[in-house]
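# Survey of secondary and tertiary structure
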Amino acid sequence: MSNFVAMKVIYNRFIPFGSYHGLNLFGTIFVQRKWGKMEAHELNHEAIHTMQQWEMTYAGFYLWYIAEYLVRLVQYRFKTEKAYYNISFEREAYANEHYPHYLLHRRPMAWVKYLRQSS
Ligand SMILES: [Zn+2]
(Lines give C-alpha, C1' and ligand atoms only; values in the text may rest on other atoms or scores of the structure.)
Protein backbone atom coordinates (compact mmCIF):
# COMPACT_ATOMS: atom_id res chain seq x y z
CA MET A 1 0.00 0.00 0.00
CA SER A 2 1.33 3.34 -0.97
CA ASN A 3 -0.64 5.44 1.44
CA PHE A 4 -1.23 5.59 5.16
CA VAL A 5 -4.87 4.60 5.36
CA ALA A 6 -5.03 1.16 6.97
CA MET A 7 -7.70 -0.95 5.33
CA LYS A 8 -9.03 -4.40 5.71
CA VAL A 9 -10.40 -6.20 2.66
CA ILE A 10 -12.84 -9.04 3.21
CA TYR A 11 -13.30 -11.24 0.16
CA ASN A 12 -16.58 -13.09 0.35
CA ARG A 13 -19.38 -14.60 -1.72
CA PHE A 14 -22.32 -12.30 -1.06
CA ILE A 15 -21.43 -8.68 -0.25
CA PRO A 16 -21.96 -6.36 -2.00
CA PHE A 17 -25.04 -7.48 -3.89
CA GLY A 18 -25.58 -7.09 -7.61
CA SER A 19 -22.95 -5.68 -9.93
CA TYR A 20 -21.16 -3.55 -7.34
CA HIS A 21 -17.54 -4.58 -6.94
CA GLY A 22 -16.80 -3.21 -3.52
CA LEU A 23 -18.51 -1.80 -0.49
CA ASN A 24 -16.61 0.30 2.03
CA LEU A 25 -18.16 0.08 5.47
CA PHE A 26 -16.29 2.11 8.07
CA GLY A 27 -12.96 1.46 6.38
CA THR A 28 -13.49 -2.26 5.89
CA ILE A 29 -13.88 -3.21 2.24
CA PHE A 30 -16.19 -6.03 1.22
CA VAL A 31 -15.51 -7.55 -2.19
CA GLN A 32 -17.14 -10.53 -3.84
CA ARG A 33 -14.52 -13.18 -4.60
CA LYS A 34 -15.73 -13.55 -8.17
CA TRP A 35 -14.23 -10.12 -9.01
CA GLY A 36 -10.74 -11.28 -8.02
CA LYS A 37 -8.10 -9.45 -6.00
CA MET A 38 -8.40 -5.70 -5.78
CA GLU A 39 -5.93 -3.79 -7.91
CA ALA A 40 -3.80 -0.95 -6.57
CA HIS A 41 -6.02 1.79 -7.99
CA GLU A 42 -9.11 0.11 -6.56
CA LEU A 43 -7.50 0.01 -3.12
CA ASN A 44 -6.55 3.66 -3.51
CA HIS A 45 -10.13 4.47 -4.52
CA GLU A 46 -11.41 2.87 -1.33
CA ALA A 47 -8.72 4.56 0.77
CA ILE A 48 -9.98 7.90 -0.55
CA HIS A 49 -13.50 6.94 0.58
CA THR A 50 -12.16 5.93 3.98
CA MET A 51 -10.58 9.36 4.34
CA GLN A 52 -13.86 11.00 3.32
CA GLN A 53 -15.66 8.90 5.92
CA TRP A 54 -13.27 9.93 8.68
CA GLU A 55 -13.66 13.61 7.98
CA MET A 56 -17.44 13.30 7.71
CA THR A 57 -17.52 11.19 10.89
CA TYR A 58 -18.99 8.18 9.10
CA ALA A 59 -22.69 8.93 9.64
CA GLY A 60 -22.30 12.25 7.84
CA PHE A 61 -20.63 10.48 4.94
CA TYR A 62 -23.38 7.90 4.47
CA LEU A 63 -26.19 10.45 4.89
CA TRP A 64 -24.59 12.84 2.42
CA TYR A 65 -23.79 10.00 0.01
CA ILE A 66 -27.41 8.84 -0.10
CA ALA A 67 -28.81 12.38 -0.24
CA GLU A 68 -26.49 13.40 -3.07
CA TYR A 69 -27.26 10.18 -4.95
CA LEU A 70 -30.98 11.02 -4.83
CA VAL A 71 -30.28 14.54 -6.07
CA ARG A 72 -28.09 13.20 -8.90
CA LEU A 73 -30.79 10.69 -9.84
CA VAL A 74 -33.19 13.55 -10.49
CA GLN A 75 -30.48 15.65 -12.17
CA TYR A 76 -29.58 12.81 -14.56
CA ARG A 77 -33.16 11.64 -15.13
CA PHE A 78 -32.89 8.42 -13.17
CA LYS A 79 -29.88 7.03 -15.00
CA THR A 80 -28.54 5.16 -11.96
CA GLU A 81 -25.00 4.64 -13.20
CA LYS A 82 -24.60 8.28 -14.22
CA ALA A 83 -25.99 9.38 -10.85
CA TYR A 84 -23.53 7.13 -9.00
CA TYR A 85 -20.46 8.34 -10.92
CA ASN A 86 -21.43 11.95 -10.22
CA ILE A 87 -21.70 11.76 -6.45
CA SER A 88 -18.91 14.12 -5.40
CA PHE A 89 -17.28 11.45 -3.19
CA GLU A 90 -17.10 9.21 -6.27
CA ARG A 91 -15.93 12.02 -8.54
CA GLU A 92 -13.00 12.67 -6.21
CA ALA A 93 -12.18 8.96 -5.83
CA TYR A 94 -12.32 8.18 -9.57
CA ALA A 95 -10.41 11.33 -10.51
CA ASN A 96 -7.52 10.48 -8.19
CA GLU A 97 -7.42 6.71 -7.77
CA HIS A 98 -4.51 6.37 -10.19
CA TYR A 99 -2.31 8.73 -8.16
CA PRO A 100 -0.76 6.48 -5.48
CA HIS A 101 0.31 9.42 -3.31
CA TYR A 102 -2.88 11.42 -3.65
CA LEU A 103 -3.87 11.07 0.00
CA LEU A 104 -0.50 12.42 1.13
CA HIS A 105 -1.21 15.73 -0.61
CA ARG A 106 -4.97 15.90 -0.33
CA ARG A 107 -6.54 18.83 1.48
CA PRO A 108 -9.22 18.11 4.08
CA MET A 109 -12.74 18.00 2.62
CA ALA A 110 -11.29 18.00 -0.91
CA TRP A 111 -14.44 16.26 -2.17
CA VAL A 112 -16.39 19.52 -1.78
CA LYS A 113 -14.79 21.02 -4.87
CA TYR A 114 -16.17 18.07 -6.88
CA LEU A 115 -19.73 19.06 -6.06
CA ARG A 116 -19.82 21.33 -9.10
CA GLN A 117 -17.68 19.48 -11.61
CA SER A 118 -19.65 17.05 -13.72
CA SER A 119 -18.09 14.14 -15.54
ZN1 LIG B 1 -16.27 4.71 -5.00
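Check the entry above for the structure.
I will try to describe carefully the structure that is included in this document. Just so you know, these numbers come straight off a predicted model, no measurement behind them.

The secondary structure content of the chain amounts to five helices and three strands. What you see for the chain is a C-alpha radius of gyration of 14 Å, in line with the 14 Å of a compact globule of 119 residues. Among the 119 residues that make up the chain, the fraction classed as buried is 22%. Across the chain, every contact between residues at least 6 apart in sequence was considered, and the portion connecting residues at least 24 apart equals 49%.

Attention now goes to the sheet that holds strand E2 (residues 22-25). In space, the three strands of this open sheet follow the order E1-E3-E2, with mixed pairing throughout. The sheet is open, and its two edges are formed by strand E1 (8-12) and E2, each paired on a single side. Taken over all neighbouring pairs, the strand axes of this sheet differ in orientation by 25° on average, direction set aside. Here helix H1 (residues 40-55) sits on the sheet and contacts E2 and strand E3 (28-32); the angle it forms with E2, its principal contact strand, is near 30°.

Before going further, it helps to spend a moment on helix H2 (residues 59-75). Relative to the 24 Å expected for 17 residues at 1.5 Å per residue, H2 spans 24 Å between its end C-alpha atoms, a close match to the ideal helical length. Two residues or fewer past H2, Arg77 is found with a positive phi of approximately 50°.

Bringing the pairing of E2 into the picture now. A regular strand places its side chains on the two faces of the sheet in alternate fashion. As judged from the four bridges shared by E2 and E3, these two strands associate in the antiparallel manner. Bridging across to E3, Gly22 finds its partner in Val31.

Axis angle and axis distance: for two packed helices, these are the angle between their axes and the distance between the axes, and together they describe the pair. At a minimum axis distance of 9 Å, the contact between H1 and helix H4 (residues 88-96) shows a crossing angle of 140°. Judged on the interaxial angle alone, H4 and H1 are oblique. Note on packing geometry: the crossing formed by H1 with H4 is right-handed. Facing H1, whose interface residues are His45, Ile48, His49 and Gln52, H4 presents Phe89, Glu92, Ala93 and Asn96.

Calculation notes
Residues numbered from 1 in each chain as written. Predicted model: local features only at pLDDT ≥ 70, side-chain atom pairs only at ≥ 80, totals over all residues. Helix = DSSP H or I, 4+ residues; strand = E, 2+ residues; numbered from the N terminus. Rg over C-alpha atoms; globule rule 2.2 N^0.38 Å. Buried ≥ 20, exposed ≤ 12 C-beta atoms within 10 Å, placed from the backbone. Contact = placed C-beta atoms within 7 Å. Pairing = 2+ DSSP bridges. Axes fitted to C-alpha atoms, helices over the stretch in contact; angles between N-to-C directions. Expected span 1.5 Å × (residues − 1). Parallel < 35°, antiparallel > 145°, perpendicular 65-115°, else oblique. Left-handed = near helix turned anticlockwise from the far one by under 90°.

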